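Structure at a glance
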Amino acid sequence: MLEQTTLAERIARVRAQVADAALRAGRRPEDVTIVAVCKTFPRDAVDAAYLAGMRHFGENRVQEAQGKLSDPPMPADAMLHLIGQLQSNKSRPAASLFGLIESVDRLSLIDALEREAERLERPIPVLLQVNVAREPQKSGCAPEDAPMLAARLAASPAFDLQGLMTIAPLVPDPDLARPTFAGLRDLRDLLRAAHPGHALDVLSMGMSDDYPAAIAEGATHIRIGRAIFGTR
Ligand SMILES: *Cc1c(COP(=O)(O)O)cnc(C)c1O
């Protein structure tokens, strides 16, 4: 089935479901940004998604993104999101290539990125990734460490802390992921109260299998791979 639809049709279907989920939650569809996750897909597919209207692209490896998305460079209005775990020694290319680093989750990485911000002489836009469901294999900080890490990010001129990101557990029914999404939103509300100077508007949560549930719980950014590009 998926193979018989075009990329443009799959994007249209995701857009329709985003609008439906947003309206059901009393939200505006345009307040949900679709990040097209193009990891493992070739540049041709990325260009096709751009032509179909996508402007946000997610990659989980710095090296793959460097090879694929910087030569030739993406159009100036395309924004690249790093959504995978970042090794501190890749901070330099990551800071210059990505418009938003969604996977900041530990002090050592924050220290490394801070040095790059000083070198670039501009703040680095980041999200704090939280392992809300406390899954042992997943990256993201523990929920109890989020206040300390958010305070570190908020206090440094090296960062533009825009919000939080999480990956929900793989569950048979997307509704079972809702407590995880609600947990990220509650944590955001807590951190927002602690840091009134920071809007923390961004909640990056929801993927191909669970994005309507994430939108119902307030997702502002959904990270969609397979539902746009097909199975990996
Ligand atoms: C791969 C990936 C996605 C997209 O997953 P799909 O199930 O293909 O939509 C979203 N977020 C992260 C962090 C990923 O690594």
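Everything below is about the structure shown above.
Residues numbered from 1 in each chain as written. Predicted model: local features only at pLDDT ≥ 70, side-chain atom pairs only at ≥ 80, totals over all residues. Heavy atoms only, no water.

**Topic: the environment of L170**
- With respect to the helices, strands and loops of the structure, L170 is situated in the loop between β6 (159–165) and α7 (178–194).
- Residue classification places L170 among the exposed positions, given a relative accessible area of 81%. (Helix = DSSP H or I, 4+ residues; strand = E, 2+ residues; numbered from the N terminus. Buried < 20%, exposed > 50% of the residue type's maximum accessible area, 1.4 Å probe, protein only.)

**With respect to the pairing of strand β2 (residues 56–59)**
- Note that strand β1 (residues 33–37) and β2 share three bridges and pair parallel. In the sheet register, V35 faces β2, and the bridge partner there is H56.
- In this fold, β1 hands off to helix α2 (residues 43–51), which returns the chain to β2; that crossover is right-handed.
- Relative to strand β3 (residues 79–82), β2 is paired through four bridges, and the arrangement is parallel. The residue of β3 that forms the bridge with G58 is H81.
- Handedness of the β2-helix α3 (residues 62–69)-β3 crossover: right-handed. (Pairing = 2+ DSSP bridges. Right-handed = clockwise from strand over helix to strand, strands pointing away.)

**Some words on the side chain of R188**
- Considering the arrangement of structural elements, one finds R188 in helix α7.
- Not counting residues within four places of it along the chain, the set of residues in contact with R188 comprises L164, L200, D201 and L203. (Contact = heavy atoms within 4.5 Å.)

**Structural notes on the side chain of T180**
- By the element assignment, T180 lies in helix α7.
- Residue contacts for T180: discarding those within four places in its chain leaves V132, A133, T166, A168 and P169.

**Some thoughts on the site of the ligand**
- Around the ligand, the surrounding shell consists of V37, K39, N60, I83, I167, M207, S208, R223, I224, G225, R226 and R232.
- Within the contact set of the ligand, a nitrogen atom lies 2.9 Å away from a side-chain nitrogen or oxygen of R223.
- Here an oxygen atom of the ligand and a side-chain polar atom of R232 are 2.8 Å apart.
- Burial of the ligand by the protein chains amounts to 93% of its free accessible area of 390 Å².
- Broken down by class, the residue content of the shell around the ligand amounts to five nonpolar, three polar and four charged. (Near = heavy atom within 4 Å. Polar contact = N/O pair within 3.5 Å; in protein donor to acceptor, adjacent residues only side chain to side chain. Areas by Shrake-Rupley, 256 points an atom, 1.4 Å probe, with all protein chains shown as cover. Nonpolar A, V, L, I, M, F, W, Y, C, P; charged D, E, K, R; others polar.)

**Focus on the pairing of strand β4 (residues 100–104)**
- Of all five residues that make up β4, five are buried, and the element is covered over most of its length.
- Relative to β4, β3 is paired through two bridges, and the arrangement is parallel. Bridge pairing in β4 places L82 opposite I101.
- After leaving β3, the chain enters helix α4 (residues 91–97) and then returns to the sheet as β4, a path that is right-handed.
- As paired elements, β4 and strand β5 (residues 124–129) share two bridges and run parallel to each other. Looking at β5, one finds that I101 is bridged to V126.
- At this point the chain moves from β4, through helix α5 (residues 107–120), to the parallel β5, and the crossover so formed is right-handed.

**Digging into the nonpolar core**
- Ranked by size, the top nonpolar core spans 68 residues in total, and within it F57, I101, L128 and I228 carry the most contacts.
- Contact partners of F57, with chain neighbours within four places excluded, come to V35, A36, C38, V46, A49, Y50, M74, A78, M79, L80 and H81.
- Within the second largest apolar cluster, six residues are counted, among which are I83, L100, L127 and M165. (Core = buried A, V, L, I, M, F, W, Y, C linked by side-chain atoms within 4.5 Å.)

**Some remarks on the packing of α5 against helix α6 (residues 146–155)**
- In the contact formed by α5 and α6, the axes pass within 11 Å of each other and the chain directions differ by 10°. The angle between the axes of α5 and α6 places the two elements in the roughly parallel class. Contact residues: α5 offers L107, I110, D111 and E114, while α6 offers M148, L149, R152 and L153.
- When its residues are assigned to classes, the contact of α5 with α6 shows five nonpolar, no polar and three charged. (Axes fitted to C-alpha atoms, helices over the stretch in contact; angles between N-to-C directions. Parallel < 35°, antiparallel > 145°, perpendicular 65-115°, else oblique.)

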